[in-house]
Amino acid sequence: MLQFDEYKVKLNNLRPSLDDLAQALDLENARQELDMLDSESAADGFWDNLTKAQKVQQRIKHLRAKVEGQAKREGQWSDLITLCEMGNEEEDESLVPELEEGYSRLEAEMEQARLSTLLTGEYDESNAIITLHAGAGGTEAQDWAQMLFRMYTRWAERHGFQYQVVDYLDGDEAGIKSATVMIQGENAYGYLRSEHGVHRLVRVSPFDANARRQTSFAAVEVMPEIPDDVEVEIRPEDIEMQVYRSSGAGGQHINKTSSAVRLIHHPTGIVVSCQTERSQFQNKDTCMKMLRSKLVELQMQAHAEKISDIKGVQLKIEWGSQIRSYVFMPYQLVKDNRTAYETSNINAVMDGDLDEFINAYLTAEATGNWASK
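Residues numbered from 1 in each chain as written. Predicted model: local features only at pLDDT ≥ 70, side-chain atom pairs only at ≥ 80, totals over all residues. Heavy atoms only, no water.

A. Inspection of empty space enclosed by the protein at higher detail. The final tally for this structure, using the stated rule, is one cavity of 30 Å³ or more. Lining the largest cavity are I130, L132, F149, Y152, T153, V181 and I183. Of all the elements in the fold, those that place two or more residues in the lining of the largest cavity are β1 (128-134), α5 (139-158) and β3 (176-184). Class assignment for the residues of the lining of the largest cavity results in six nonpolar, one polar and no charged. (1 Å grid on protein atoms, 1.4 Å probe; cavity = no way out; pocket = protein on both sides within 12 Å on 5 of 7 lines; lining within 4 Å. Points joined across faces, edges and corners; volume = space filled by probe spheres on them. Helix = DSSP H or I, 4+ residues; strand = E, 2+ residues; numbered from the N terminus. Nonpolar A, V, L, I, M, F, W, Y, C, P; charged D, E, K, R; others polar.)

B. Just the sheet that holds strand β2 (residues 162-170), in detail. One open sheet holds the eight strands; their spatial order is β2-β3-β1-β5-β4-β9-β10-β11, and the pairing between them is mixed. At either margin of the open sheet sits one strand with a lone partner, and together these are β2 and β11 (342-343). Across two bridges, strand β10 (residues 333-336) lies against β11 in antiparallel orientation. Looking at the pairing, V334 lines up with T343 of β11. On the sheet, α5 packs against β1, β2, β3, β4 (197-204), β5 (213-224) and β9 (322-327) and is oriented at approximately 45 degrees with respect to β5. (Pairing = 2+ DSSP bridges. Contact = heavy atoms within 4.5 Å. Axes fitted to C-alpha atoms, helices over the stretch in contact; angles between N-to-C directions.)

C. Quick look at the packing of helix α1 (residues 2-24) against helix α4 (residues 96-117). The contact between α1 and α4 brings their axes to 11 Å, and the two run at 20 degrees. In terms of axis orientation, α1 runs roughly parallel to α4. Note that α1 runs across α4; the crossing there is left-handed. Contact with α1, carried on its side by Q3, F4, Y7, K10, L11, L14, S17, L18, L21 and A24, involves V96, L99, E100, Y103, L106, M110, A113, R114 and T117 of α4 and no other residues of that element. Its residues assigned to classes, the contact of α1 with α4 comprises 13 nonpolar, three polar and three charged. (Parallel < 35°, antiparallel > 145°, perpendicular 65-115°, else oblique. Left-handed = near helix turned anticlockwise from the far one by under 90°.)

D. Structural context of helix α9 (residues 355-367). Between the first and last C-alpha of α9 there are 18 Å, a value that for 13 residues agrees with the 18 Å anticipated at 1.5 Å per step. Just beyond α9, the residue with positive phi is G368, at close to 75 degrees. (Expected span 1.5 Å × (residues − 1).)

E. Summary view of the sheet that holds strand β7 (residues 260-265). The sheet built from three strands is open, its strands ordered β6-β7-β8 with antiparallel pairing. Every other strand in the sheet has two partners, leaving β6 (239-244) and β8 (270-274) as the edge strands with one partner each. On average, adjacent strands in this sheet sit at an angle of 15 degrees to one another, irrespective of strand direction. Here β6 pairs with β7 via six bridges, running antiparallel. In the strand pairing of β7, I239 is matched with H265.

F. Structural context of the packing of α4 against α9. Where α4 meets α9, the closest approach of the two axes is 10 Å, and the angle between their N-to-C directions is 40 degrees. With respect to their mutual orientation, α4 and α9 come out oblique. Classified by chirality, the crossing of α9 by α4 is left-handed. From α4, E111, Q112, R114 and L115 reach across to α9, where they touch D355, N359, L362 and T363. Each residue belonging to the contact of α4 with α9 can be placed in one class, and the counts come to two nonpolar, three polar and three charged.

This is the structure in structure tokens:
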């Protein structure tokens, strides 16, 4: 039947890309390293050094997922070829929906795996810490910051990632003034670092009785969660610790005790805060993790500037230098200024469908093909 023949051609055309993906994933070296680490983990005394053992186990998990993921895609391809042949032989049209769904799923999984091959940064595999700040504009900007907060948490849910709200400061009338979210999952930082920058919204304000069009801004900062074994010098005398009562959602206890913690690093002026843990000690520990991440990020930026190897388009976090615009009125469009990728499906984007923007950014970063210099 024609439909099965067409899909067989499409699958055969997809085969070279599947083979290229296997090469890009460097599966031969991955298998060798996996065998070596499996042997190491089976040796006597492996768990004597718990920190090292956990890192080895995490690496084993990553390598096994890479190898098994490609084996799964190879199996999907073979199964779909068999389905085409079976459908042709039996002239069974009821198999077409299964074939269409399987082909779409294989394409999507191949694209996701291809993206992972572009994540070559030192901390790309790390969890991501996202901090949002409402720009000037009061309630309008604070509502926009909350919309972005929802967008990123929905993105995390779509990818099966866990997220934890670390800090959350409500707006005066609606929305949020600022929020910090830890997104936990493999390559979370590698994907989300493309979101670092100023995001611009154009819409008819729901807070304006005259229904005038408003432009709002929010800044998004993305940092990797730095592993504990990375050396970062933080002198106790350089840190000022403040405690205060928490605000916002989080349970009754946070409004009754001064458990929230704010750390100020005087040499750099960095300020971090956490209010969502149950105790002051837990909040301080989370603050220290964020401070370490920010200090490492500063070191990375200074190093990049010294050797002139900054990749992509570097924009300051200030109003007027937005990386992406979200236009709700008079038309609907989301456009990334760095890659020129755009879509009119603004509802999907605000519901966490960011993969095409991330794809465009990582591809431009790998090829150097930016829309603006």
